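Breakdown of the fold
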Amino acid sequence: MAFHLDYFLASLVSGLAYLPRTLLLVSLPLALGLLGGLVLAAFRVYRVPVLGRLTALGVSIYQGVPIVVALVIYNLLFMSLFNDVAAFFGVATTVAEVDIIWVGIFALALQEVTLMEESFRGAFYSVPAGQREAALACGLTELQALRRIIVPQLVPVAVPMLMNHVVGNIKNSSVVIAIGVAEVLTGASIPAARTYSFLESYVAAGLIYWALATAAEQLIGQWEIRPEARQSSWFWQVCARVRRRRTVTVAQQEKRGQVHAELEAYQKIL
Amino acid sequence: MLSLKHIRKSFDREEVLRDVSLQVRHGEVVSILGPSGSGKTTLLRCLDFLERADGGELTLDDLHVDLAHAKRRDVLAMRRRTAFVFQNYNLFANKTARENVMEGLVTARGVSPDEARKKAEEALAWVGLLDKAGEYPSRLSGGQQQRIGIARAVVLDPEVIFLDEPTSALDPELVGEVLNVIREVARRGIAMIIVTHEMAFAREVSHHVVFMEGGRVIEEGPPEQIFSQPREERTRTFLKRYLTDSNMYYI
């Protein structure tokens, strides 16, 4: 079997054209997963009445259902109920006008939330109870203690696990093909429909996913570095430089304002 | 100034505190002694609401709190007028020494960062650790960490500081530096309740000594009396055992 480089390149270009959609399928669930996972984990760790129990139940149910099954269920519900619900709320959109990518995002986001909840919960327990107690004894509220002391300490612990989820989610994003959402994999196989160059198409798609996953891995890995060791990382050096430039600009602006005020005062005297 | 009445606390069915009452006057140093499991630490933790007592009242000047049913506002008010020094320091691991001392000022008291930084550096200089201001706790010795823990408490200008076995986690050669700092706090006239096993130190620094056992106050009084002429048999056996035991360590 011959491997045609030109077909491969055509697939690569075609797949890359769909990259924004895959990025959307990855980034939106990721953001929702991080936020929702952290909040749900806090519900469970702090034993919030009702919400904590509900979270535990929801997560255990959701973890037992394969993503493809969940995806198809959501799609069927979406197809059959959307028009009625839209009509009920007086929205004139019909199911045909909505991009089905949103069903994919919804399913992937729920998946992310449950996975991240488990990771964050583990990370929560890694922060010694004394850290929270010390914060409370200093007069911080529970929320302040969470935001300023506990979450900053659990992030480095959670990062390796989150990294797995993010990479997993980049690869998982291709399952939305099951309900016909167009993304990188679909894009890369468009030329194959004409040329039957399926191998080239899938290799191209694989290459794109791999590049995306590696880039994500590199970026997230930066948060694994503890604050005291960050001077030696290029990423944090760039961040520090940006921050420094910003403070310098503020200082310059202040100075400029001062000079301006002095000038005005001087003009008044004149 | 600080008065505690009828404090009770159980863990499951285990009664840890049975009707403990205590008075602390302005600038007074009160030491609590007693065997492990006598409820000393639990008492301190109940006062700062790190544990919720089953019953009891607390009065701090004009603030009256029912320990069992205190509302969030009272809990916060109590915490913001007191400070706590922990056995294992509990410095914020994600913050430098300076940030540790600043945190309560900035976040809880609303002091501006510039002013908080100034106060924090004064406090660090006061415990002799200004040169470590930029270090993270993981790079400091236990003694240094505990001195910063005390600076973090003192900088909040509390009416009373609770110290829970502040030197028990330290290597013997580091105990002295921490005790020196606590002496300085006493000299500043800040009231303290200290749970400690450092008998000689308790005798030297306290105005009032309380001996607890089995969740009760067995005996209390001025240090000379408790250490030289304890009235209760149990106090006597405890002190005797403790003093001979600690003598043996140093032989």
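Within each chain, residues carry numbers counting from 1 in the order of the written sequence. Lettering of chains starts at A and numbering of ligands starts at 1, both following the order in which they are written. Residue-level local features of this predicted model are given only where pLDDT is at least 70; pairs of side-chain atoms are given and counted only at 80 or more, and the full residue set underlies all totals for whole chains, interfaces and linings. Water and hydrogen atoms were dropped before computing side-chain values, which therefore reflect all heavy atoms in the structure.

1. Here we look at the domain arrangement of chain A
This is how the line gets drawn: What marks off one domain from the next here is an automatic or database domain assignment.
Partitioning chain A into domains gives domain 1 (19-181) and domain 2 (228-270). Using C-alpha coordinates to define each centre, domain 1 of chain A is positioned 39 Å away from domain 2 of chain A.

2. Remarks on the nonpolar core
As a reminder of what qualifies: Nine residue types can take part in a nonpolar core, namely buried Ala, Val, Leu, Ile, Met, Phe, Trp, Tyr and Cys, and a core is a set of them joined through side-chain atoms within 4.5 Å. For the exposure calls, accessible area comes from a 1.4 Å probe over protein chains only, and a residue counts as buried if that area is under 20% of its type's maximum, exposed if over 50%, partly exposed in between. Secondary structure is summarised from DSSP: a helix means a run of H or I of at least four residues, a strand means a run of E of at least two, and numbering begins at the N terminus for each. By definition, residues are in contact when any of their heavy atoms lie within 4.5 Å.
Ranked by size, the top nonpolar core spans 57 residues in total, and within it B:Leu2, B:Ile7, B:Leu58, B:Phe162 and B:Ile193 carry the most contacts. Looking at this core element by element, the count peaks at 8 residues for helix 7 (residues 142-172) of chain A. Other than its neighbours up to four places away in sequence, B:Ile193 contacts B:Leu2, B:Leu22, B:Val24, B:Val30, B:Ile32, B:Leu44, B:Leu47, B:Val160, B:Ile161, B:Phe162 and B:Leu163. Counting 41 residues, the second-largest nonpolar core is a separate cluster that includes B:Ala123, B:Ile161, B:Val178 and B:Phe201.

3. What about the pairing of strand 3 (residues 29-33) of chain B?
Residues and elements named next belong to chain B. In plain terms, the rule: At least two bridges found by DSSP between two strands are what make those strands a pair.
Strand 3 sits mainly inside the fold: 5 of its 5 residues count as buried. The two faces of strand 3 match: Val29, Ser31 and Leu33 on one face and Val30 and Ile32 on the other face are all buried. Of the pairings in the sheet, the one linking strand 3 to strand 8 (residues 191-195) comprises 4 bridges and is parallel in character. The residue bridging Ser31 from the neighbouring strand is Ile194, located in strand 8. Bridge analysis of strand 3 against strand 9 (residues 208-213) gives 4 bridges, and the strand direction is parallel. Directly across from Val30, in strand 9, lies its bridge partner His208.

4. Concerning empty space enclosed by the protein
Counted only if it meets this: With a 1 Å grid laid over protein atoms only, a set of points is called a cavity when a 1.4 Å probe fits there but cannot get out and a pocket when it is open yet has protein on both sides within 12 Å along at least five of seven lines; lining residues have an atom within 4 Å of a point. Grid points are joined across faces, edges and corners, and a volume is the space filled by probe spheres set on the points. Gly is put with the polar residues, along with every residue not named as nonpolar or charged; the nonpolar set is Ala, Val, Leu, Ile, Met, Phe, Trp, Tyr, Cys and Pro, and the charged set is Asp, Glu, Lys and Arg.
On inspection of all chains with the given rule, the structure shows 1 cavity of 30 Å³ or more. Its volume calculated, the largest cavity comes out at about 40 Å³. Lining the largest cavity we find A:Ala134, A:Ala137, A:Cys138, B:Ala83, B:Phe84, B:Phe86, B:Arg152, B:Ala153 and B:Leu156. Looking at the lining of the largest cavity, the elements that each hand over two or more residues are helix 6 (129-137) of chain A together with strand 6 (82-85) and helix 5 (142-154) of chain B. Among the residues forming the lining of the largest cavity, the class breakdown is 8 nonpolar, no polar and 1 charged.

5. So, the environment of A:Phe198
Position of A:Phe198 relative to the elements: it lies in helix 9 (residues 198-221). Once the C-alpha coordinates of A:Phe198 and A:Gly15 are considered, the two residues, 183 residues apart in sequence, prove to be 13 Å apart.

6. Notes on the sheet that holds strand 5 (residues 63-66) of chain B
All names here are of chain B. To keep things clear, this is the line we draw: Inter-axis angles, ranging from 0 to 180 degrees, are taken between N-to-C directions of lines fitted to C-alpha atoms, where helices are fitted over the stretch in contact.
Overall, antiparallel pairing links the 4 strands, which are arranged 2-1-4-5 in an open sheet. For this open sheet the edge positions go to strand 2 (14-24) and strand 5, each flanked by a neighbour on one side alone. On average, adjacent strands in this sheet sit at an angle of 15 degrees to one another, irrespective of strand direction. Alignment of strand 1 (residues 2-11) against strand 2, held across 7 bridges, turns out to be antiparallel.

7. Quick word on the pattern of salt bridges
Residue and element names in this part refer to chain B. Under the convention used in this document: One side-chain nitrogen of Lys or Arg within 4 Å of one carboxyl oxygen of Asp or Glu is enough to make a salt bridge.
All told, the structure shown has 20 salt bridges over all chains when counted by the stated rule. Between Glu159 and Arg81 there is a salt bridge, with the nearest N and O atoms lying 2.8 Å from each other. One end of the pair, Glu159, is in the loop between helix 5 and strand 7 (160-164); the other, Arg81, is in helix 2 (residues 72-81), and 78 residues separate them in sequence. Across the pair Lys95 and Glu103 runs a salt bridge whose closest N-O atoms are separated by 3.6 Å. A relative accessible area of 11% places Lys95 in the buried class. Given the relative accessible area of 2%, Glu103 is considered buried.

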